[in-house]
Amino acid sequence: MDLIFRARVGELLLNTVLLMLVTVPACVILGVGGAWLVERTRLRGHKWWAVLLAAPLAIPAFVNSYAWVSAVPSLAGLWSGVLIATLSYFPLVYIPAAATLSRLDPAIEQSAASLGLGAWRTFFRVVIPQLRIAVTGGALLVSLHLLAEYGAFAMIRFDTFTTAIMVQYQSTFNGPAGNMLASVLVFMCLILLLVEVRGRGNSRYARIGSGAQARPLRLPLRAYQLPAQLFLVALTALAFGLPLTFVLRWIFAGGPDSWAADEFLPALLQTLAYGLAGALATTAVAFPMAYLAVRHPGWFSKALELSNYITSSMPGIVVGLAFVTISINAAPNLYQTSALLISAYVLLFLPRALVTIRSGLAQAPKELDEAAQALGKPPLLAFLRVTLRLTAPAAAGGAALVFLAIVNELTATLLLSPNGTRTLATEFWSKSSEIDYAGAAPYALLMILISAPMTYLLFQQSKKAAGQ
Amino acid sequence: MTYFSHSRLPEPRIAASVATSTNSHLKIDAVTKNFGSQSVLMGVTLSVAKGGTTAIVGPSGSGKTTLLRLIAGFEHPDTGRISLSGSQVAGEGDWVPAHKRNVGYVAQDGGLFPHLSVGQNISFGLDAGKLPGGHRRVKVRVAELLRMVSLDPEMAKRRPHQLSGGQQQRVALARALAREPELMLLDEPFSALDAGLRVATRRAVGKVLQDAGITTILVTHDQGEALSFADQVAVMRGGRLAQIGNPFIVYTRPADRATAEFLGDAVILDAWMEGSLATCSLGGIPVRRPPAQGRVQLMLRPEQIRIAEDGPIRGVVVDTDYFGPETTVRLKLSVPPILGKATAADHRYHGGGEIITIRHWNASIARPGAELCLRVVGEAVAFPMEDLPSTSPAGTPGTGLS
């Protein structure tokens, strides 16, 4: 126990808590503000801004950090961490907030207006409370990312629990210090989950009543049109334009040499292989879980979902350490095998597949399965030809999300991958750690290119799911 | 002292399914089913004759859909037996799964597979390998089935979402017909359609099934649909069958008050039963099989009470509801003069003053406050008094319900 209370832990705790206290509100303000401008004002080009504000999500935080360090080499410490984390993670609040705002029934706001509230007071007294679920959910995601992020903070030499655990791991391997630090991290994650459950509240925010909903109201911006546009230009430039520019600058600076095929191609192929295998394994595990939850809801399926919800909110470094410990003690043959790495991916990214498959299964009601059986198909064949067939598009969507998450995964991959493994993320990491910024650039660009469709997919999905 | 004219209604026709219970296609014997602690079916026994049409009708939650799902083989009965064409398919350890029962099933929303075209939906249950002529034979059969349900064979290329609700139901029927089932189960297949389409689709479906000679069971909560579609109506309530019989019998001679009120509007009056004559505010009315003597409840259908210039009964219009082709008239009955004399000193019956609801085609005849002359046509049905205090106060408000 002595280890936990060392001064070092106090310092890390302070860093991590301060980081969250500043970054989370900043993300909420930027995310909700951006969503409001895009969805509820007569902002010029709001359709373009809607996509552009989600775009920074396509840039992995450690690539963002790399670009900022290239731009301002002196960046270090808490405030740099806040800057980079805020620019990387505010879309996690923006996306659900925008989805909710676009679905809010304008009749509620009109009622507020008829009760004598002005536009601003309506916004704060009626609209903001309705955003509660979206904002608490987004804030939880930002906090979990802040706890889990390694690369972005290591690059600017800002110490959090995760970076400290990694340092411990690299120096002492499976040392008790690393495990102790990890247990504090786990504890913080659990507290966050509890806070989120509290913050979500029990009030009903779904639309009451039937009938088609009118289109949301848009406030005229008038004199504020220009400041609003300038604000969005600045935000997008810092969060998306700057990282992209610096990645491209390094690519031009490096010239064709940095695309050395003997290094680049194996990393790409291995990344694709891990991504595919992980996506397939995750989907295969998620399908029966989703099937149980949708078709046979009960305490077992609920317990399964809850435990999965908790494990998947654990940082990659914790899952990685746990797998290292377990495999060394219980199954040494498995340590540093690709099978172990893929099972860690399954555990980390299961919810992404689960959510999409669940909504897909809802499109394939039990009645269709029964109709097939009444038409003489045995249950298994009926399942294959109807339920599985109808769920296939959703399962593919879920698999794609998992695939793209694996492509950008760094921490667990560093801990668990077999010797000689090179993925885009690890290769980018080792090059940029050696200050070979030009050599790292192609990997960064490729990760951004692969992530872009995922971001768009998430953005589209949120628009559909918000009504439910 | 009888104020009724002899019934001009037809004698009840005897349904095949009632007459020939020995030659039953489907036999359900004392079937029970619980979901958790909730019992949904509490001992249901029903027999359906070959080629007959049976409607299972009941309010929602009465267990009728569960019964249908047991017949289809989607659920196991807890106790009891189900047999099809003499061979047991469920109960006592026997179990034939749904896909081996050769039972057609049409669900409420049609249940068409959204990922398949109309033609592929219809041929889903057909095995091209087993049909002589293979795929070409399947195509011919699909066109044949589409024509059978009065749809253009060209529709085979369309997707389910491109069809209207009524067309989807017809395709669902064609799909179920493809395997030439001996028994067709229809689970509220018309309830999702709008009123006009519902009647037309119901008729078309009924005709197709009748022409093919397929035993049919229809589950519905719509009494009119049940009475018009089937030659045997089974009224279900609270997990039990309250009454089984041909539509005319269950409508005109319901077994109890709840069945009477479920199957249609009913005028219920307190009455005094002596022999086969019931005395009430509407005079003396014959009852075919009186269940009790003395105080009873009398049930008449509103259409049995007619407005007639020479009618012996008087009633004052309370209010009216205009529905277009007919008007609902609420009337406060006065005590018939003869009856008033006959029973004035008699404590057995204190009639008069009940408010009843009847229907009439002519809206102008019934203005609130006007006095109308009434006449009762046909027989009434008497129910034993429900558990009310034995001395009911005089002039109990009438229980005429609509």
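What counts and how
- Residues numbered from 1 in each chain as written.
- Chains lettered and ligands numbered in written order.
- Predicted model: local features only at pLDDT ≥ 70, side-chain atom pairs only at ≥ 80, totals over all residues.
- Helix = DSSP H or I, 4+ residues; strand = E, 2+ residues; numbered from the N terminus.
- Buried ≥ 20, exposed ≤ 12 C-beta atoms within 10 Å, placed from the backbone.
- Contact = placed C-beta atoms within 7 Å.
- Domains from an automatic or database assignment.
- Nonpolar A, V, L, I, M, F, W, Y, C, P; charged D, E, K, R; others polar.
- Core = buried A, V, L, I, M, F, W, Y, C linked by C-beta atoms within 7 Å.
- pLDDT = per-residue confidence, 0-100.
- Pairing = 2+ DSSP bridges.
- Axes fitted to C-alpha atoms, helices over the stretch in contact; angles between N-to-C directions.
- Parallel < 35°, antiparallel > 145°, perpendicular 65-115°, else oblique.
- Left-handed = near helix turned anticlockwise from the far one by under 90°.

**Remarks on the overall build of chain B**
When you go through chain B residue by residue, the secondary structure sums to 10 helices and 22 strands. When burial is assessed residue by residue, chain B has 43% of its 402 residues classed as buried. Here the analysis covers contacts within chain B between residues at least 6 apart in sequence; of these, 70% occur between residues at least 24 apart.

**Quick word on the overall build of chain A**
When its secondary structure is counted, chain A shows 20 helices and zero strands. Seen through its principal axes, chain A has C-alpha atoms that stretch 70 × 65 × 50 Å. Burial analysis of chain A (468 residues in total) assigns 44% to the buried set. A separation threshold of at least 6 residues defines the contact pool for chain A, and within that pool the share at least 24 residues apart is 81%.

**Remarks on the domain arrangement of chain A**
All names here are of chain A. Each assigned domain of chain A is listed here: domain 1 (1-206 + 223-246) and domain 2 (260-468). If you look at the interface, domain 1 gives 35 residues, while domain 2 gives 31 residues. Elements that contribute at least two residues to the side of domain 1 that touches domain 2 include exactly helix H2 (46-54), helix H3 (61-71), helix H4 (78-103), helix H7 (132-148), helix H8 (151-155), helix H9 (161-172) and helix H10 (176-200). If one sorts the elements of the side of domain 1 that touches domain 2 by residue count, H10 sits on top with seven residues. Its residues placed into classes, the side of domain 1 that touches domain 2 shows 26 nonpolar, eight polar and one charged.

**Details of the nonpolar core**
Membership of the largest hydrophobic core comes to 238 residues, with the highest contact counts inside it found for A:Val93, A:Ala97, A:Ala444, B:Ile71, B:Leu185, B:Ala278 and B:Leu298. Looking at which element gives the most residues to this core, the answer is H4(A), with 14 residues.

**What about the confidence of the model for chain B?**
All names here are of chain B. For chain B, the mean per-residue pLDDT works out to 83, and 85% of the residues sit at or above 70. Taken together, the stretch residues 1-21 has pLDDT below 50 and engages in 40 contacts with residues farther than four places along the chain or on a different chain. Scored below 50 in pLDDT, residues 388-402 makes 28 contacts in the model with residues more than four places away or belonging to other chains. Scored as a complex, the prediction yields pTM 0.73 and ipTM 0.72.

**What about the sheet that holds strand S12 (residues 240-245) of chain B?**
Within a sheet, each strand pairs with its neighbour through backbone hydrogen bonds, oriented either parallel or antiparallel. Residue and element names in this part refer to chain B. The six strands are arranged S8-S9-S10-S4-S11-S12 in an open sheet whose pairing can be described as mixed. Where the open sheet ends on each side, the last strands, each with one partner, are strand S8 (103-106) and S12. For this sheet, the mean angle separating the axes of adjacent strands, direction not counted, is 15°. The sheet contact formed by strand S11 (residues 232-237) and S12 spans five bridges and is antiparallel. Looking at S12, one finds that Arg-237 is bridged to Arg-240. Against the sheet, helix H5 (residues 165-177) makes contact with S8 and strand S9 (183-187), and its axis sits at roughly 170° relative to S8, the strand it touches most.

**Structural notes on the interface of chain A and chain B**
Listed per partner, the contact involves 14 residues of chain A and 16 residues of chain B. Those elements that provide at least two residues to the side of chain A that touches chain B are helix H16 (366-374) and helix H17 (379-407) of chain A. Counting residues per element, the side of chain A that touches chain B draws most heavily on H16(A), which supplies seven residues. Split by residue class, the side of chain A that touches chain B holds eight nonpolar, two polar and four charged.

**Let's talk about the packing of helix H15 (residues 338-362) of chain A against H17(A)**
Residue and element names in this part refer to chain A. Between H15 and H17, the shortest axis-to-axis distance is 8 Å and the interhelical angle comes to 155°. Judged by the angle between their axes, H15 and H17 are roughly antiparallel. Of the two possible hands of crossing, H15 and H17 adopt the one that is right-handed. Counting all contacts with H15, which are made through Tyr-345, Phe-349, Arg-352, Ala-353, Thr-356, Ile-357, Ser-359, Gly-360 and Leu-361, the residues of H17 involved are Thr-391, Pro-393, Ala-394, Ala-395, Gly-397, Gly-398, Ala-399, Leu-401, Val-402, Ala-405 and Ile-406. Of the residues belonging to the contact of H15 with H17, the class tally is 13 nonpolar, six polar and one charged.

**A word on the sheet that holds strand S14 (residues 277-280) of chain B**
All names here are of chain B. Overall, antiparallel pairing links the five strands, which are arranged S15-S14-S13-S16-S22 in an open sheet. Edge positions in the sheet fall to strand S15 (283-286) and strand S22 (381-384), since each has one partner strand and no second. Averaged over all pairs of adjacent strands, the angle between their axes in this sheet comes to 45°, without regard to strand direction. As paired elements, strand S13 (residues 267-274) and S14 share three bridges and run antiparallel to each other. Its bridge partner being in S14, Trp-272 is matched across the sheet by Thr-279.

**A closer look at the domain arrangement of chain B**
When the domains of chain B are assigned, the result is domain 1 (16-252) and domain 2 (265-384). Between the C-alpha centres of domain 1 of chain B and domain 2 of chain B there is a distance of 41 Å.

**Quick notes on the pairing of strand S16 (residues 294-300) of chain B**
Residue and element names in this part refer to chain B. Most of S16 sits out of view: five of its seven residues are buried. With seven bridges connecting them, S13 and S16 associate as antiparallel partners. Residue pairing across strands places Leu-269 opposite Leu-298, the latter belonging to S16.

**Digging into the pairing of strand S5 (residues 79-84) of chain B**
Residue and element names in this part refer to chain B. Pairing of strand S2 (residues 24-35) with S5, which is carried by five bridges, proceeds in the antiparallel orientation. Residue Thr-32 lies in a different strand from S5, and its bridge partner there is Thr-79. When S5 meets strand S6 (residues 87-91), the two strands line up antiparallel, connected through three bridges. In the strand pairing of S6, Leu-84 is matched with Ser-87.

**Topic: the environment of B:Lys332**
Residues and elements named next belong to chain B. Tracing the chain through its elements places Lys-332 in strand S19 (residues 327-333). Linking Lys-332 and Ile-355, residues 23 residues apart in sequence, is a C-alpha distance of 4.3 Å. Residues within four places of Lys-332 in sequence aside, it is in contact with Gly-315, Val-316, Val-318, Gly-353 and Ile-355.

**Concerning H3(A)**
Within H3(A), 10 of the 11 residues are buried, which leaves it mostly tucked inside the rest of the structure. All of the buried residues in H3(A) are A:Ala61, A:Phe62, A:Val63, A:Asn64, A:Ser65, A:Tyr66, A:Ala67, A:Trp68, A:Val69 and A:Ser70.

**Thoughts on the confidence of the model for chain A**
All names here are of chain A. The predicted model of chain A has a mean per-residue pLDDT of 84, with 93% of residues at 70 or higher. Across chain A, the element-wise mean pLDDT spans from 74 in helix H5 (residues 106-114) up to 92 in helix H11 (residues 225-254). Throughout residues 208-212 the model reports pLDDT below 50, and contacts reaching past four residues in sequence, or to other chains, amount to zero contacts.

**Focus: the packing of H3(A) against H4(A)**
All names here are of chain A. Remark: H3 packs on H4, axes separated minimally by 10 Å, with the N-to-C direction vectors making an angle of 135°. Overall, the two elements H3 and H4 adopt an arrangement that is oblique. Seen along the crossing, H3 lies across H4 with a hand that is right-handed. For the pair H3 and H4, contact is made by Ala-61, Asn-64, Ser-65 and Trp-68 and by Ile-84, Ala-85, Leu-87 and Ser-88, respectively. Broken down by class, the residue content of the contact of H3 with H4 amounts to five nonpolar, three polar and no charged.

**Examining the environment of A:Phe90**
Residue and element names in this part refer to chain A. Turning to its location among the elements, Phe-90 is positioned in helix H4. For Phe-90 and Pro-25, which are 65 residues apart along the polypeptide, the C-alpha to C-alpha distance reads 9.7 Å. Once residues within four sequence positions are removed from consideration, Phe-90 is found in contact with Cys-27, Leu-30 and Gly-31.

**Points about the environment of B:Asp270**
Here B:Asp270 is to be found in strand S13. Taking the C-alpha atoms as reference, B:Asp270 lies 60 Å from B:Ala143; in sequence the two are 127 residues apart.

**Quick notes on unusual backbone geometry**
Residue and element names in this part refer to chain A. Even without a glycine there, the phi angle at Arg-222 is positive, about 50°. Relative to the helices and strands, Arg-222 resides in the loop between H10 and H11. Under the C-beta neighbour-count criterion, Arg-222 is labelled exposed, with 8 such atoms within 10 Å.

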